[in-house]
Amino acid sequence: TDDSRAILSAQKTLYDFGRTGHAKQAAQLNLDASQQQLDLQVQLHQHNVIESFFNVLIADLTFDWRNEAMALSYVRLDNARERHELGEISDVDLLALENTYQGDLILRQRAELAQRQSRTRLALALGRPGELSSDLLPPDLPGLKNPLPELDKVLQEARDSNLQLQALRARFEGAEESRKSAMAGRYPSLYAQLEAAEYQREFGSRDPFTAVLGLDIPI
């Protein structure tokens, strides 16, 4: 006896006391937090590039300073050697100038090494390892001429624009929304359901269309 049937059912929640709303809000806040974390990583990378750039400029200036100091020490030592041969200065004075020259020479060598190291870090920050820069042009920084703002204003701006704090706030608010959604799971939900059915055998109690307004109550 063929007693088959085909039923198409559609159900929609009408009201669930905020459970779905809190869950969607939690998902959006977590998404915002992830985006802020991504923006933070981009910002940190930019800061690393900028810091590496200025470290190269500082290393160049330091080398120029140490190179000039070494050159001056060498000239003084060379003059002192001639005067020493003439008996105008003592062995002690000549030795002191030699020690000064050797110290300046070591500092120059360290400054030259710092130049290469700073350029290596800049190349790594730019994603171009091994491609060391030669000469860098100092940037124009007109903002340095502006007067410094008040400390309280700077601190407030730093707190308001801190991406890490913003991400943490979003995570916290998302956790709170998730908690509210979980709590709302104890409440009932109102739903509507529509059904269309096709029966192989005809009975008077079988309706081709039904509509239900139901209330789900968790026990």
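Refer to the preceding data block for the structure.
Below: a short report on this structure. (Residues numbered from 1 in each chain as written. Predicted model: local features only at pLDDT ≥ 70, side-chain atom pairs only at ≥ 80, totals over all residues. Heavy atoms only, no water.)

Throughout the structure, instances matching the rule amount to four salt bridges. When the shortest N-O distance is used, the salt bridge between R179 and E176 registers 2.4 Å. In this pair, R179 and E176 are both assigned in helix α4 (residues 163-184), three residues apart and thus about one turn of the helix distant. Accessibility expressed as a relative area gives 27% for E176, which makes it partly exposed. (Salt bridge = Lys/Arg side-chain N within 4 Å of Asp/Glu carboxyl O. Helix = DSSP H or I, 4+ residues; strand = E, 2+ residues; numbered from the N terminus. Buried < 20%, exposed > 50% of the residue type's maximum accessible area, 1.4 Å probe, protein only.)

Glancing now at the sheet that holds strand β1 (residues 5-15). Ordered by their spatial adjacency, three strands build an open sheet running β1-β2-β3, and the pairing between neighbours is antiparallel. Each edge of the sheet is formed by a strand with only one pairing partner; in this case those strands are β1 and β3 (209-216). Neighbouring strand axes in the sheet, compared pairwise and without regard to direction, differ in orientation by 20 degrees on average. (Pairing = 2+ DSSP bridges. Axes fitted to C-alpha atoms, helices over the stretch in contact; angles between N-to-C directions.)

Time to look at the packing of aromatic side chains. According to the stated counting rule, one finds four aromatic pairs in the structure shown. When the centroid spacing of 5.6 Å and the interplanar angle of 85 degrees are considered together, the rings of F53 and F54 count as edge-to-face. Judged by relative accessible area, F54 falls into the partly exposed class, the value being 30%. In this structure, R66 is placed above the aromatic ring of W65, and the distance from its NZ or CZ to the ring centre is 4.0 Å. (Phe/Tyr/Trp six-rings, centres within 6.5 Å; stacked < 30°, edge-to-face > 60°. Lys NZ or Arg CZ within 6 Å of the ring centre and 35° of its normal.)

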